[in-house]
Amino acid sequence: MAKHETPLLDQLETGPWPSFVTDLKKQAETKPEVYDILGQLELSYEDRITHWKHGGIVGVFGYGGGIVGRYSDMPEKFPGVQHFHTIRVAQPASKYYSSDNLRALMTLWEKHGSGVTNFHGSTGDIILLGTKTENLEPFFWDLTHELGQDLGGSGSNLRTPACCLGSSRCEWSCYDTQEVCYQLTLKYQDEIHRPAFPYKFKFKFSGCPNDCVAAIARSDISVIGTWRDEIRIDQAAVKEYVAGNYPANGGAHSGRDWGKFDLQKEVIDICPTQCMWLEGDELKIDDKECTRCMHCINVMPRALRPGAEQGASILIGAKAPILEGAQMSTLIIPFMKISKDDEYEDLIELIEKVWDWWMEIGKNRERVGETMQRVGLPTFIKVMEIDPIPQMIKEPRSNPYVFWNEEEVPGGFARDIDEFRARHKA
Amino acid sequence: MGYNPDKPMEGRLTDLGPPHYEQFMPQVIKDNKGKWLWHEIVQPGVLMHKSETGDEVYTVRVGSARLVTCQFIREVCEIADKHCEGKLRFTTRNNIEFMVDAKDKVQPLLDDLASRGNRFPVGGTGAGVTNIVHTQGWIHCHTPATDASGPVKAVMDELFEYFTSMTLPAQVRIALACCLNMCGAVHASDIAILGIHRKPPMIDHKRITGVCELPLAIASCPTGAVKPAKAEVDGNEIKTVKVTVERCMFCGNCYTMCPAMPLADPDGDGIAILVGGKISNRISAPKFSKLVIPFLPNTPPRWPEVVEAVKTILEAYAKDAKKYERVGEWAERIGWESFFEKCNIPFTEKSIDDYRLAYNTWRTTTQFKFTSHVK
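This is a predicted model, so every value here is computed, not measured. (Residues numbered from 1 in each chain as written. Chains lettered and ligands numbered in written order. Predicted model: local features only at pLDDT ≥ 70, side-chain atom pairs only at ≥ 80, totals over all residues. Heavy atoms only, no water.)

**Comments concerning the sheet that holds strand β5 (residues 126-129) of chain A**
Here is step 1: The strand order across the open sheet formed by 5 strands is β1(A)-β2(A)-β5(A)-β4(A)-β4(B), and the pairing between neighbours is antiparallel. Two strands close off the open sheet at either side, each with one partner strand: β1 (67-68) of chain A together with β4 (67-69) of chain B.
Here is step 2: Here helix α5 (residues 136-146) of chain A sits on the sheet and contacts β1, β2 (86-89) and β5 of chain A; the angle it forms with β2 of chain A, its principal contact strand, is near 15°. (Pairing = 2+ DSSP bridges. Helix = DSSP H or I, 4+ residues; strand = E, 2+ residues; numbered from the N terminus. Contact = heavy atoms within 4.5 Å. Axes fitted to C-alpha atoms, helices over the stretch in contact; angles between N-to-C directions.)

**Quick word on the sheet that holds strand β11 (residues 270-275) of chain B**
Residue and element names in this part refer to chain B.
Here is step 1: Across the sheet, which stays open at both edges, the 4 strands sit in the order β7-β8-β11-β12 with mixed pairing between neighbours. The open sheet has two free edges, formed respectively by β7 (174-177) and β12 (290-297), since each of these has just one partner strand. Averaged over all neighbouring strand pairs, the angle between strand axes comes to 20°, with direction disregarded.
Here is step 2: Relative to strand β8 (residues 191-196), β7 runs parallel, the two being bridged by 4 bridges. Residue alanine 177 lies in a different strand from β8, and its bridge partner there is leucine 194.

**A look at the side chain of glutamate 171 of chain A**
Here is step 1: If you trace the backbone, glutamate 171 of chain A turns up in the loop between β6 (162-163) and α6 (177-187).
Here is step 2: Engagement of the side chain of glutamate 171 of chain A in a polar contact is seen with the side chain of histidine 39 of chain B, the distance being 2.6 Å.
Here is step 3: Setting aside residues up to four positions removed in sequence, glutamate 171 of chain A forms contacts with Pro301 of chain A together with Trp36, Leu37, Trp38, His39 and His49 of chain B. (Polar contact = N/O pair within 3.5 Å; in protein donor to acceptor, adjacent residues only side chain to side chain.)

**Description of the side chain of glutamate 33 of chain A**
Here is step 1: Within the secondary structure, glutamate 33 of chain A is located in helix α3 (residues 33-47).
Here is step 2: Not counting the four nearest positions on each side in its chain, glutamate 33 of chain A is found in contact with Met1, Gly80, Val81, Gly113 and Ser114 of chain A.

**Digging into the domain arrangement of chain B**
Residues and elements named next belong to chain B.
Here is step 1: One can read the domain layout of chain B as domain 1 (21-116), domain 2 (148-198 + 266-361) and domain 3 (200-264).
Here is step 2: Each of domain 2 and domain 3 has a C-alpha centre, and the two are 32 Å apart.
Here is step 3: Each partner contributes residues to the interface: domain 2 has 7 residues there, and domain 3 has 9 residues.
Here is step 4: Contact between domain 2 and domain 3 buries roughly 670 Å² in total, counting both sides, with carbon and sulfur atoms accounting for 57%.
Here is step 5: The three residues of domain 2 that bury the most area against domain 3 are Leu180, His197 and Tyr355, which together make up 57% of that side's buried surface. (Domains from an automatic or database assignment. Buried area = accessible area lost by both parts, 1.4 Å probe.)

**Section: the packing of aromatic side chains**
Here is step 1: Under the defined criterion, the tally for this structure stands at 35 aromatic pairs over all chains.
Here is step 2: Following the ring pairs from residue to residue traces out a cluster consisting of Tyr188, Phe197, Phe201, Phe203, Phe205, Trp355 and Trp358 of chain A.
Here is step 3: One residue, arginine 302 of chain A, lies across the ring of tryptophan 38 of chain B, its end atom 3.5 Å from the ring centre.
Here is step 4: Lying over the aromatic face of tyrosine 96 of chain A, arginine 89 of chain B brings its terminal NZ or CZ to 5.5 Å of the ring centre. (Phe/Tyr/Trp six-rings, centres within 6.5 Å; stacked < 30°, edge-to-face > 60°. Lys NZ or Arg CZ within 6 Å of the ring centre and 35° of its normal.)

**Quick notes on the packing of helix α4 (residues 99-112) of chain A against α5 of chain A**
Residues and elements named next belong to chain A.
Here is step 1: α5 packs onto α4 with a crossing angle of 165° between their chain directions and a minimal axis gap of 10 Å. Looking at the two axes, α4 sits roughly antiparallel to α5. Handedness of the α4/α5 crossing: right-handed. Two secondary-structure elements touch here, α4 through Leu105, Leu108, Trp109, Lys111 and His112 and α5 through Pro138, Phe139, Asp142, Leu143 and Glu146. (Parallel < 35°, antiparallel > 145°, perpendicular 65-115°, else oblique. Left-handed = near helix turned anticlockwise from the far one by under 90°.)

**Considerations on the confidence of the model for chain B**
Here is step 1: Confidence in the prediction of chain B, expressed as mean pLDDT, is 96, and 100% of residues score 70 or more.
Here is step 2: The complex model carries a pTM of 0.96, and its ipTM stands at 0.96. (pLDDT = per-residue confidence, 0-100.)

**Some remarks on helix α10 (residues 327-334) of chain B**
Residue and element names in this part refer to chain B.
Here is step 1: With respect to burial, α10 is a largely interior element, 6 of its 8 residues being buried.
Here is step 2: Along α10, the residues that are buried comprise Val327, Gly328, Glu329, Trp330, Ala331 and Ile334.
Here is step 3: Those residues of α10 that are buried are in contact with β11, α9 (304-320) and α11 (336-342). (Buried < 20%, exposed > 50% of the residue type's maximum accessible area, 1.4 Å probe, protein only.)

**Brief notes about the nonpolar core**
Here is step 1: Ranked by size, the top nonpolar core spans 69 residues in total, and within it Ile273 and Phe339 of chain B carry the most contacts.
Here is step 2: Take this core: its biggest share by element is 9 residues, from α9 of chain B.
Here is step 3: With 50 residues, the next largest nonpolar core counts Tyr188, Ile221 and Val368 of chain A together with Phe24 of chain B among its residues. (Core = buried A, V, L, I, M, F, W, Y, C linked by side-chain atoms within 4.5 Å.)

**Description of unusual backbone geometry**
Residue and element names in this part refer to chain A.
Here is step 1: Backbone torsion omega between phenylalanine 119 and histidine 120 reads 5°, so that peptide bond is classified as cis.
Here is step 2: The residue histidine 120 is located in the loop between β4 (116-119) and β5 in this model.
Here is step 3: Cis geometry marks the peptide bond from isoleucine 322 to leucine 323, where omega comes out at 5°.
Here is step 4: One non-glycine residue with positive phi stands out, namely glutamine 274, at about 55°.
Here is step 5: Along the chain, glutamine 274 turns up in the loop between α10 (263-268) and β10 (276-279).

**Quick word on the pairing of β8 of chain B**
Regular strands have side chains that alternate between both faces of the sheet.
Here is step 1: Within β8 of chain B, 6 of the 6 residues are buried, which leaves it mostly tucked inside the rest of the structure.
Here is step 2: Residues Ile191, Ile193 and Gly195 of chain B point to one face of β8 of chain B and Ala192, Leu194 and Ile196 of chain B to the other, with burial holding for every one of them.

**Concerning the state of the cysteines**
Here is step 1: A full pass over the atoms with the stated rule returns 1 disulfide over all chains.
Here is step 2: Each sulfur in the disulfide pair cysteine 212 of chain B and cysteine 258 of chain B lies 2.0 Å from the other. Because the torsion about its S-S bond is 85°, the bridge between cysteine 212 of chain B and cysteine 258 of chain B counts as right-handed. Taken together, the residues cysteine 212 of chain B in the loop between α6 (205-211) and α7 (214-219) and cysteine 258 of chain B in the loop between α8 (253-257) and β11 connect sequence positions 46 residues apart.
Here is step 3: We classify cysteine 212 of chain B as buried; its relative accessible area is 11%.
Here is step 4: A relative accessible area of 0% means that cysteine 258 of chain B is categorised as buried.
Here is step 5: Free of any disulfide, cysteine 164 of chain A has its nearest neighbouring cysteine sulfur in cysteine 163 of chain A, separated by 6.3 Å.
Here is step 6: On the basis of relative accessible area, cysteine 164 of chain A is assigned to the buried category, the value being 11%. (Disulfide = S-S within 2.5 Å.)

This is the structure:
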């Protein structure tokens, strides 16, 4: 495969940010098909349109997900990318790697594929971009046998679960996001690899309400760490912040002169529930008023810590706009213990209840959040056998159109019109 | 040994799942998991976490293009071997993190990274712009309305100083999705760059019978614009679909379901800018991004109109917002009418919602500000 002239892409080789063009050119020296990737992309830059065909069903035996078929619409001009299928490889929890593992994976990918990757795809998988149909089975064999690794999800199935780095390197994580993510990923291998759902389904695990994996905006089941007792305060450290000895917000604002740290202005006055005040130089918190937004803890990480009775809030139904509009997840379970000790019993029971219901009544390509919208939250929680509580809503309804059930009304719905007319002339 | 095409199922391994995470964690991380007490950003791109055991871990955060090659990953491995006992991690925003267990190991690592040209920019922490979460675009996707890696490179080149510093009122999360499917959380980002189509799908009557389930194509349209129809192909009447163009909102869902309905177009396609979304529950609830610029053209290779728009919004925010205030919180405090004025963005009817639940966004109070919009 020959080089192509790429005058437009070449302009992306300058500038301070790392250049994918430079990187691809270097890879092309040992993997010549990368010249065709560059050539086809250059043509897209000229034509201002994609040159990839729609879809193409390819995969490995026994799996219905993990590989996305892709073909060039200019195969004569760019034979190196005639087939350019994507492989999704399940990432380790929190995306920690050893160089040995990454090197082995890269050797495998240069052997069977283009040598081009994404670290990582939006859902969290390692994305290997570009291989031929005939390479899929040999790659999968080597991946499983040599590396003991596996594909992730694609299509109408459970997508590869993802988590923040959790307690591995964060003081705020209220449960072990890595462990539950790993355990549930293993438990639901069948659901990840063999599509049986109405549409895609995602789990994401964030350790605290800062939500670093965007669980609340992107996952059908969002597990977001929280606590239910008091924020732990180190009053001596509060004084250090007030004295300016510790940088506010972990030093996040140190690039600009914002003036001296002002506890009243920067924490107490901004608190959304106004549940903090100073008594002398002691910081007080009325914890029953606190909604655990994390602001004060973010500002003073050395003085304040989440409470010790930790667990997670479970929210359900987030999705991007296609089709009914974007949805954030809705709070369904305010507090659940997330513990390996009971093998995540409560969480698993909830997940499987949601799936059983959604697989039965969800329409083709309907995310669970859309199914919830269609049937209404009251119906959804009834099916889930969860009692209604005000934490599930922002405000009560402002219309009176309640769907009363017959059994809720004395005497039921059946009445005798003749008996009615005997007393009420028409 | 290896794959035997004659006996594909013999010795097959499946459903192994991901490798256990613990084997990949640096020793200091393994030793202190669950014991971390607090952290501090010691300089842009360098974090220090302190454990109750007294241990410290220093993390150097480095931006990457996300679209990277095996060669690049090998270089990352070489750095990890030299400085970090062969361990590293990636963040959810496509940054690479190199971790060392002592302060005196930080500078040699930084020096090494700096010696490698522009390949490993250190930053992306605190009140700055971190790496752009993005999608595939023209490098690999069949439905994009724009490229992904190109506009990201162009924007990050221009915003580079905000990646390597911490001078903003709060963190600014920028994301790019190359079509309305929005792979990645573009719908909840401070500044979102979104590829959009503006021409209704064409109907390839010659192919539709072979490649589409017509009822699925019809059902795929959220506004009911796709209807059953008949057409003549080579003298034969075939069943097909037609599109009521006035009802088309250019979402592309029909094309996802039916390859015979392509809608991409060099002049029709381009980029919309949305702002004010966030994920975190900090101070205010998570918010969706709102559409403020309905269309900018695709102008490869450097998308100057998009770069300019993002920079203008970012700098208006940087100048005007209060400490800790995210872009969306700032816009809500000053009022969206002031946002459009301060960012010098012309307001058009296209920013007024007319899709589902649109009424929720209409103003039903006498409280407003007299900006230049009020004539």
